[in-house]
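Structural characterization, general
If you want the building blocks of each chain, they are given just below.
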Amino acid sequence: MIVTLIVLCEIAFWVLLAAGLALRYAAKMPRLGAAVLLCEPLLEVVLLVVTAIDLKNGAAPDWKHGLAAVYIGFTVGLGHSTITWVDAWVAHRFAGGPPPVKPPKYGMARAAHEWRTAARWTVASVTALALLQAAVWYVGGDGDTGSLRAWQQKMLFVIGLNLVIAGSYTLFPKRDPRGDVKHMPGPPAG
């Protein structure tokens, strides 16, 4: 049941996003569109409550409960940036707005972009870690929490991987092959 609910939440996320943006741009009802977009977090609340009820009713904690926590964490950490990007794309494509801003490709601007990305993934992972730990405490010492602990290890790996990627762009900034000086870090002026 939990996996089905996760799939339904993902589908509902995109349906609400499409409906909110359609109301905002096609129907010219920006407030109603914003109200629909604000319903997105309710999906995670429903998933959290159903997962807690499932555990309370005696279900053995397994990978599905961990996946629910991870899904909620990733929605918290990455949902807003996803909605913002899709909104900018729809505004450009269908409402004459400016094109979405592309991430920088070179130099320290790219490194800063990678650190912002790593921060979003870290928020997602820390949220999942907290929910997983809450589930471990909720189940108590008598239950088998090995699958929840395994998800926690995966979230720590995600944090580490994103920090390594961001750090690599800082230590070894990608240079513009055209030699464009504005993207390349240079010596301080003086």
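Worth saying up front: this structure is predicted, and the values here are computed from it rather than measured.

Some thoughts on the pattern of salt bridges
Throughout the structure, instances matching the rule amount to four salt bridges. D87 serves as the salt-bridge partner of R24, at 2.7 Å between the closest nitrogen and oxygen. Taken as a pair, R24 in helix α1 (residues 2-26) and D87 in helix α4 (residues 63-95) lie far apart in primary sequence, 63 residues in all. Relative accessible area serves as the criterion here: at 22%, R24 is assigned to the partly exposed category.

Details of unusual backbone geometry
Phi angles above zero are rare outside glycine, and K28 is one such case at about 55°. Relative to the helices and strands, K28 resides in the loop between α1 and α2 (30-37).

Regarding the state of the cysteines
In protein chemistry, a disulfide is the covalent bond that joins the sulfur atoms of two cysteines. Enumeration over the complete set of coordinates arrives at zero disulfides. For C9, which is in no disulfide, the shortest distance to another cysteine sulfur is to C39 and amounts to 13 Å. C9 gets classed as buried once you look at its relative accessible area, which sits at 3%.

Details of α2
Residues of α2 that are buried include every one of G33, V36 and L37, and no others. The buried residues of α2 all sit within an arc of 100° when viewed along its axis, so they share a single face. In the core, the buried residues of α2 are packed alongside α1 and α3 (40-56).

Side note on the nonpolar core
Counting residues in each nonpolar core, the largest one holds 18 residues, and the members touching the most others are I6, C9, F13, L17, L21, L47 and Y71. Counting residues per element, this core draws most heavily on α1, which supplies eight residues. Residues in contact with L47, not counting those within four places in the same chain, are L5, I6, C9, A68, Y71 and I72. Judged by nonpolar contacts, the second largest core, of 13 residues, contains L55, L132, V136 and V158.

Focus on the confidence of the model for the protein chain
Here the protein chain shows a mean pLDDT of 91. Residues at 70 or above account for 94%. Taken element by element, the predicted model of the protein chain shows its lowest mean pLDDT in α3 (91) and its highest in helix α6 (residues 146-171) (97). This stretch, residues 186-190, has a pLDDT under 50; its non-local contacts, to residues over four places away or in other chains, come to zero contacts.

A few points about the packing of α1 against α3
Contact geometry of α1 with α3 gives a least axis separation of 9 Å together with a crossing angle of 170°. When the axes of α1 and α3 are compared, the pair comes out roughly antiparallel. Contacts between α1 and α3 pair I2, L5, I6, C9, A12, F13, L16 and L17 from the former with E40, L43, V46, L47, V50, T51 and D54 from the latter.

Scoring rules and cut-offs
Residues numbered from 1 in each chain as written. Predicted model: local features only at pLDDT ≥ 70, side-chain atom pairs only at ≥ 80, totals over all residues. Heavy atoms only, no water. Salt bridge = Lys/Arg side-chain N within 4 Å of Asp/Glu carboxyl O. Helix = DSSP H or I, 4+ residues; strand = E, 2+ residues; numbered from the N terminus. Buried < 20%, exposed > 50% of the residue type's maximum accessible area, 1.4 Å probe, protein only. Disulfide = S-S within 2.5 Å. Arc of directions from axis to C-beta. Contact = heavy atoms within 4.5 Å. Core = buried A, V, L, I, M, F, W, Y, C linked by side-chain atoms within 4.5 Å. pLDDT = per-residue confidence, 0-100. Axes fitted to C-alpha atoms, helices over the stretch in contact; angles between N-to-C directions. Parallel < 35°, antiparallel > 145°, perpendicular 65-115°, else oblique.

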